[in-house]
Amino acid sequence: WSSDVCSSDLIDRVAHRVSLRVLQAAIQVDSKSKDNVFVDLSIAVQYQVKEDAIRDAVYRLTDPQAQLEAYVLDAVRARVPSMDLVQVFEDKESIAAAVDSELSARMEQYGYTIVNVLVNDVIPDQRVRDAMNEVQAATREREHGLDRLGRVVLGEGGRGRGGEAAGDHHGE
């Protein structure tokens, strides 16, 4: 009643290879700002498997990239609708911090640590970009017109034709 043990029974098989390097997930999120402008945000999440939690990273989470994306979408869509478009542009750091906080808390249980979260780009809807460009062009044109008007007025320096000061008449 002895059992035969083959040498192959004693060798473990490699079930899954895990990189301990910092990985990066690029995630696109579309959301709506407080002033009803649709924006696309480009988010980069840098993450890595915790060395003391490799087992959790392998066996508790099937697709870490998909899970990261779901959490990022949730965090961004919870934050951006409370901000005006200008705030979204100016306060990318607070969006990144909110995403980082959310991800860190949730991914920790699966054996991952969040190294960094970056909001790389904020792109408003094309119509909004066109309107913003038109406003900028009109502002530049108005400033250019005021500059020309100022040069014309200053160029004459308050003098009439021939360089005479106002009220200055020869021979009088």
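Here goes a summary of the coordinates provided. (Residues numbered from 1 in each chain as written. Predicted model: local features only at pLDDT ≥ 70, side-chain atom pairs only at ≥ 80, totals over all residues. Heavy atoms only, no water.)

A short note on the overall build of the protein chain
- Secondary structure summary: the protein chain contains five helices and three strands in total.
- Sequence-ordered secondary structure for the protein chain, helices as α and strands as β, is β-β-α-α-α-α-β-α.
- Taken across its 172 residues, the protein chain has 25% of its residues classed as buried.
- Contacts in the protein chain between residues at least 24 apart in sequence constitute 71% of all its contacts with a sequence separation of at least 6.
- For the protein chain, the exposed area adds up to about 12300 Å²; of that, 48% sits on carbon and sulfur atoms. (Helix = DSSP H or I, 4+ residues; strand = E, 2+ residues; numbered from the N terminus. Buried < 20%, exposed > 50% of the residue type's maximum accessible area, 1.4 Å probe, protein only. Contact = heavy atoms within 4.5 Å. Areas by Shrake-Rupley, 256 points an atom, 1.4 Å probe, with all protein chains shown as cover.)

Some details on helix H2 (residues 64-79)
- Taking 1.5 Å as the rise per residue, H2 with 16 residues should run 22 Å; its terminal C-alpha atoms sit 23 Å apart, in good agreement.
- Considered for burial, the residues of H2 that qualify are Pro64, Leu68, Tyr71, Val72, Leu73, Ala75 and Val76.
- Contacts made by the buried residues of H2 are with strand E1 (23-32), strand E2 (38-49), helix H4 (92-107) and strand E3 (112-124). (Expected span 1.5 Å × (residues − 1).)

Quick notes on the side chain of Ser94
- Structurally, the position occupied by Ser94 is in helix H4.
- On the basis of relative accessible area, Ser94 is assigned to the buried category, the value being 17%.
- In terms of polar contacts, Ser94 uses its side chain to reach the side chain of Arg79, at 2.7 Å. (Polar contact = N/O pair within 3.5 Å; in protein donor to acceptor, adjacent residues only side chain to side chain.)

Details of the packing of aromatic side chains
- For the structure shown, the criterion picks out one aromatic pair.
- Ring geometry for Tyr47 against Tyr112: centres 5.9 Å apart, planes inclined by 55°, an arrangement best described as tilted. With Tyr47 in strand E2 and Tyr112 in strand E3, the pair connects residues that are 65 residues apart, well separated along the chain.
- Judged by its relative accessible area of 5%, Tyr47 falls in the buried class.
- Exposure remark for Tyr112: the relative accessible area of 7% places this residue in the buried category. (Phe/Tyr/Trp six-rings, centres within 6.5 Å; stacked < 30°, edge-to-face > 60°.)

A closer look at H4
- With 16 residues, H4 ought to run about 22 Å at 1.5 Å a step, and its terminal C-alpha atoms sit 22 Å apart, in line with that.
- Those residues of H4 not exposed but buried are Ser94, Ile95, Ala96, Val99, Leu103 and Met107.
- Elements that come into contact with the buried residues of H4 comprise E2, H2, helix H3 (85-90) and E3.

Considerations on the pattern of salt bridges
- Taken as a whole and assessed by the stated rule, the structure comprises four salt bridges.
- Note that Arg77 and Asp30 form a salt bridge whose closest N and O atoms lie 2.7 Å from each other. With a gap of 47 residues between them, Arg77 in helix H2 and Asp30 in strand E1 connect regions that are remote in the sequence.
- Look at Arg77 and you get partly exposed, because its relative accessible area is 39%. (Salt bridge = Lys/Arg side-chain N within 4 Å of Asp/Glu carboxyl O.)

Quick notes on the side chain of Ser42
- Secondary-structure assignment places Ser42 in strand E2.
- Not counting residues up to four positions away in its chain, the partners in contact with Ser42 are Ile27, Gln28, Leu118, Val119, Asn120 and Asp121.

Examining the sheet that holds E3
- Ordered in space as E1-E2-E3, the three strands form an open sheet in which the pairing is antiparallel. A single partner strand is all that each edge strand has here, and the edge strands are E1 and E3. Averaged over all pairs of adjacent strands, the angle between their axes in this sheet comes to 20°, without regard to strand direction.
- Pairing between E2 and E3: 11 bridges, direction antiparallel. Paired with Val39 across the strands is Pro124, a residue of E3.
- Lying on the sheet, H4 is in contact with E2 and E3; it crosses E3 at an angle near 145°. (Pairing = 2+ DSSP bridges. Axes fitted to C-alpha atoms, helices over the stretch in contact; angles between N-to-C directions.)

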